[in-house]
Amino acid sequence: MADMERKREQILRISGVNPRKCMRCGKCTATCPSYDEMEYHPHEFVYMVETGEIEPLLKSESLYKCLSCMACVERCPRGVEPGKLVEAIRLVAVREKGGDRITANDIPALLDDEMPQQAIVTAFRKYQK
Amino acid sequence: MKVTYYPGCTLRTKAKDLDRYARECAAKLGIELCEPETWQCCGGAFTASNDEIATKLSSVRALKAARDADTPLLTVCSACHNVIKRTNIAMQDTDFAAKVNTYMAQDKDFTTPYNGETTVYHYLELLRDVVGFDKIREKVVNPLTGKKVAAYYGCLLLRPGKAMRFDDPENPTIMEDFIRALGAEPVIYPARNECCGGYVALEDGASAEKKSKKVTDSAVNHGADLIVTACPLCRYNLIKNGSKLPVVYFTELLAEALGVKEAE
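Residue numbers here run from 1 along each chain, matching the order of that chain's written sequence. Chains and ligands are labelled by the order in which they are written, letters from A for the one and numbers from 1 for the other. This being a predicted model, a pLDDT of at least 70 is required before a residue's local features are given, and a value of 80 or more before pairs of side-chain atoms are given or counted; all residues contribute to the totals for chains, interfaces and linings. With hydrogens and water stripped out, all remaining heavy atoms of the structure feed into the side-chain values.

Here we take up the packing of aromatic side chains. The aromatic pairing rule takes the rings of Phe, Tyr and Trp, using the six-membered ring of Trp, and pairs them if the centres are within 6.5 Å, calling planes under 30 degrees apart stacked, those over 60 edge-to-face and the rest tilted. Scanning the model with the defined rule gives six aromatic pairs over all chains in all. Aromatic side chains Tyr127(A) and Tyr199(B) sit 5.9 Å apart centroid to centroid with 70 degrees between the ring planes, which places their arrangement in the edge-to-face category. One end of the pair, Tyr127(A), is in helix α8 (residues 117-127); the other, Tyr199(B), is in the loop between β6 (185-187) and α9 (205-221), on a second chain. In this pair, the class of Tyr127(A) matches that of Tyr199(B), namely buried. Clustering of aromatic rings is evident, with ring pairs tying together Tyr123(B), Phe133(B), Phe178(B) and Phe250(B). Helix numbering and strand numbering both begin at the N terminus, where a helix is a DSSP run of H or I of at least 4 residues and a strand a DSSP run of E of at least 2. Only protein chains enter the accessibility calculation, which uses a 1.4 Å probe. A residue is then buried if its area is under 20% of the maximum for its type, exposed if over 50%, and partly exposed in between.

With that settled, the discussion passes to the layout of surface pockets. Put simply, the largest pocket is a space of about 480 Å³. If you trace the largest pocket, you find 20 residues lining it, with Lys84(A), Phe46(B), Ala48(B), Asn50(B) and Ala90(B) closest to the centre. Among the secondary structure elements, those contributing two or more residues to the lining of the largest pocket are α1 (2-15) of chain A together with α3 (78-90), α4 (94-104) and α7 (161-164) of chain B. In terms of residue class, the lining of the largest pocket is made up of eight nonpolar, four polar and eight charged. Computed from the structure, the second largest pocket encloses a volume of approximately 240 Å³. Lining the second largest pocket are Pro36(B), Thr38(B), Trp39(B), Gln40(B), Arg61(B), Ala62(B), Lys64(B), Ala65(B), Asp68(B), Met104(B), Asp107(B) and Asp109(B). With five residues, the top contributor of residues to the lining of the second largest pocket is helix α2 (residues 57-68) of chain B. Any residue outside Ala, Val, Leu, Ile, Met, Phe, Trp, Tyr, Cys, Pro, Asp, Glu, Lys and Arg is labelled polar, Gly included; the first ten of those are nonpolar and the last four are charged. By residue class, the composition of the lining of the second largest pocket is five nonpolar, two polar and five charged. Only protein atoms enter the 1 Å grid, on which a cavity is a set of points fitting a 1.4 Å probe that cannot get out and a pocket is an open set with protein on both sides within 12 Å along at least 5 of 7 lines, lining residues being those with an atom within 4 Å of a point. Grid points are joined across faces, edges and corners, and a volume is the space filled by probe spheres set on the points.

How big an interface is tends to be stated in terms of the accessible area lost upon association of its parts. The contact definition used throughout considers only heavy atoms, calling two residues in contact when any of these lie within 4.5 Å. Facing 46 residues of chain A, the contacting portion of chain B comprises 47 residues. Using a 1.4 Å probe, buried area is obtained as the accessible area two parts lose upon being combined, added over both of them. Interface of chain A and chain B: buried area, both sides summed, is about 3,900 Å²; carbon and sulfur atoms make up 52% of it. Put simply, a salt bridge is a Lys or Arg side-chain nitrogen that is within 4 Å of an Asp or Glu carboxyl oxygen. The salt bridge involving Arg95(A) is made with Glu52(B); its shortest N-O contact spans 2.8 Å. Pairing of N or O atoms within 3.5 Å defines a polar contact, subject to two protein rules: one partner must be a possible hydrogen donor and the other a possible acceptor, and residues neighboring in sequence count only if both atoms are side-chain atoms. The interface formed by chain A and chain B includes 28 residue pairs in polar contact (both at pLDDT 80 or more). Taken together, the elements giving at least two residues each to the side of chain A that touches chain B come down to α1, α5 (71-75), α6 (82-95), α7 (107-110) and α8 of chain A. Per-element tally for the side of chain A that touches chain B: the top contributor is α8(A), with 10 residues.

Another point: α8(A). Across the 11 residues that make up α8(A), a large majority, eight, are buried. Listed as buried for α8(A) are Gln118(A), Ala119(A), Ile120(A), Thr122(A), Ala123(A), Arg125(A), Lys126(A) and Tyr127(A). Packing partners of the buried residues in α8(A) comprise α6 and α7 of chain A together with α3 and α10 (232-240) of chain B.

To continue, consider the confidence of the model for chain B. pLDDT measures the predictor's confidence residue by residue and takes values from 0 up to 100. With 99% of its residues at a pLDDT of at least 70, chain B reaches an overall mean of 97. What the predictor reports for the complex is a pTM of 0.97 with an ipTM of 0.96.

Another aspect to go through is the sheet that holds β6(B). Residue and element names in this part refer to chain B. Think of it this way: DSSP has to see at least two bridges between two strands before they count as a pair. Spatially, four strands are ordered β6-β5-β7-β8 in an open sheet, and the strand pairing comes out parallel. The sheet is open, and its two edges are formed by β6 and β8 (247-249), each paired on a single side. Across this sheet, the average inter-strand angle for adjacent strands is 40 degrees, counted without regard to direction. Pairing geometry for strand β5 (residues 148-151) and strand β7 (residues 226-229), over three bridges, is parallel. Bridging across to β7, Ala-150 finds its partner in Ile-227. The axes used here are C-alpha line fits, helices contributing only the stretch in contact, and every angle between their N-to-C directions lies in the interval 0 to 180 degrees.

Below, the structure is given as structure tokens:
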């Protein structure tokens with residue numbers, strides 16, 4: 001429990017997000033291009049960080065459905081910036097020992113001839129430490 | 001005018017057309033591009049968290065090279081632009097910059113700390129703000145008359161608007177104005193600033209397919225003949241996922257209109 005409280009504080013600190021600014025309008029989730037693939041939606045990320053339910057978020061596949069497109073960040077009427085919160089939680093997850101989502105060995109099987117380098121380096125930044 | 005030119009990893013490999021036409025058009029427009037010998041890949045993604053230092057260093061080196069050369073820094077790829085622009089804004093924060101400069105001090109050529117002094121232009125911003133679209137219009141020799149062109153902004157050029165300051169993030173006009181300057185007709189369609197699926201394509205092609213199809217369907221339904229983009233990954237995702245329209249780089253369209261492409 002103490003560990004999760006420490007992680008919650010870390011997430012708030014590195015994201016700079018204040019979930020208490022949220023007025024629960026749901027616009028972040030409504031505008032999210034990945035909402036129908038997510039177990040926890042952007043507004044739930046915000047709410048669950050506020051209430052301290054960190055562990056399910058750290059384990060959720062939803063972390064890897066976020067496209068970092070920043071639509072939720074741009075369109076939040078209260079400036080909560082849910083996408084930055086998702087990014088901080090994903091970082092805390094992949095920084096754990098054994099937390100890498102992908103490794104260099106996984107890459108060759110995922111490639112095709114046309115895939116731009118940009119996709120590979122970006123996924124590495126997002127999924128691996 | 002002289003600018004420091006940052007091509008980025010993909011323009012040297014899978015997106016050579018984006019780079020080649022950018023260079024040739026710049027020459028035609030009287031802009032001298034100076035590519036630093038030692039640029040490094042930007043990493044493709046800006047990590048927003050404020051304790052991420054090492055992932056910012058390659059961008060800071062490019063920004064610092066431009067500052068030391070006393071020129072603006074020019075990018076073409078949407079991802080490079082997003083990463084470098086946001087890094088530059090982050091470096092304007094004194095506390096954050098102090099941490100980054102501690103790392104930077106280990107570089108051989110490090111002299112003066114970097115604090116976000118460089119002006120960063122995307123190629124389109126340079127055309128709009130420095131060259132001017134009116135000037136471009138005057139230089140067009142092959143006007144793209146009758147072509148209905150859908151500008152695809154995607155996310156990286158526009159968001160987050162607070163940092164990118166590229167255009168109105170919800171109702172941008174820069175690419176449409178660019179298209180008009182070339183003599184073509186811009187097509188406004190609702191999905192022009194929605195995400196193509198981005199890097200998720202690497203491990204989840206089905207997810208990227210859904211997003212890309214929404215974009216291309218939207219452009220088709222609004223009567224476009226072709227889609228233009230500044231982003232190699234957007235182009236890959238749209239084509240890979242069955243775009244019925246050609247997807248071309250904005251620099252290629254510019255080269256066509258300026259008569260640079262046929263001269264090759």
